[in-house]
Each structure stands twice: as C-alpha cells, then as structure tokens.
Amino acid sequence: MPRIALYALVVCVLSVAAAVVSFVQGSWLGIVWVLLAGLTSNMTWYYIKRDRAA
C-alpha cells in the first residue's frame, strides 16, 4: 500500500470519528467532516488502484 494511501485512510477514519462526535453533540459541522471522509476515501481507493496497475 502506498504511503499516501495510508495517510488518506487515516484521515478518513479520523474524519468519520469527528463527524460522529459532531452529530452527537448536535453540531451541523459534522456535514463538513462527512464530506472530508468521502473525499479521502476516494483518494485512498485511487492511490491503491494506481499502485496495483503499476
């Protein structure tokens, strides 16, 4: 697994945790965390697929 894919995966997991905490506290800021989780998830899959194709 490429290092950048691992970093993106870590950011994805942390942003999901932050989204859960935000929604539990009643904050709508969790929407931003969900969007960040989606972006980093796509980045993770992109770099994994790119590494396998190379």
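Residues numbered from 1 in each chain as written. Predicted model: local features only at pLDDT ≥ 70, side-chain atom pairs only at ≥ 80, totals over all residues. Heavy atoms only, no water.

Participant: Provide a residue-level description of helix α2 (residues 30–53), including the pertinent values.
Facilitator: Taking 1.5 Å per residue, 24 residues should reach 34 Å; α2 reaches 35 Å between its end C-alpha atoms and fits that length. All buried positions along α2 are accounted for by Gly30, Ala37, Thr40, Thr44, Tyr47 and Ile48. Next to the buried residues of α2 lie α1 (3–24). (Helix = DSSP H or I, 4+ residues; strand = E, 2+ residues; numbered from the N terminus. Expected span 1.5 Å × (residues − 1). Buried < 20%, exposed > 50% of the residue type's maximum accessible area, 1.4 Å probe, protein only. Contact = heavy atoms within 4.5 Å.)

Participant: Pulling in residues and values, what's your account of the packing of aromatic side chains?
Facilitator: Tallying each qualifying case throughout the model produces 1 aromatic pair. Taking 5.1 Å as the distance between ring centres and 70° as the angle between the ring planes, the aromatic pair formed by Tyr46 and Tyr47 counts as edge-to-face. (Phe/Tyr/Trp six-rings, centres within 6.5 Å; stacked < 30°, edge-to-face > 60°.)

Participant: A description of the side chain of Ser22 should follow, citing residues and the corresponding values.
Facilitator: Examined against the element boundaries, Ser22 turns out to sit in helix α1. Excluding its chain neighbours within four sequence positions, the residues that come into contact with Ser22 are Ser27, Leu29, Gly30 and Trp33.

Participant: Go over the side chain of Thr44, please, and point to the residues and values.
Facilitator: Here Thr44 is to be found in helix α2. Owing to a relative accessible area of 6%, Thr44 belongs among the buried residues under this scheme. Here Leu9 takes part through its backbone nitrogen, which lies 3.3 Å from a polar atom of the side chain of Thr44. Setting aside chain neighbours within four positions, we find Thr44 in contact with Ala5, Ala8 and Leu9. (Polar contact = N/O pair within 3.5 Å; in protein donor to acceptor, adjacent residues only side chain to side chain.)

Participant: Describe α1, listing the residues and the values that go with them.
Facilitator: Here α1 is 22 residues long and its end C-alpha atoms lie 32 Å apart, about the 32 Å a rise of 1.5 Å per residue gives. Among all positions in α1, only Ala5, Ala8, Cys12, Ser15, Ala19 and Ser22 are buried. Down the axis of α1, the buried side of the element spans an arc of 100°, and every buried residue falls inside it. Of the exposed residues in α1, the ones pointing more than 90 degrees away from its buried face are Arg3, Tyr7, Val13, Leu14 and Val24. Where α1 is buried, its residues meet α2. A positive backbone phi angle near 85° is found at Gly26, which sits one or two residues after α1. (Arc of directions from axis to C-beta.)

Interpretation in functional terms is not warranted from these geometric data alone.
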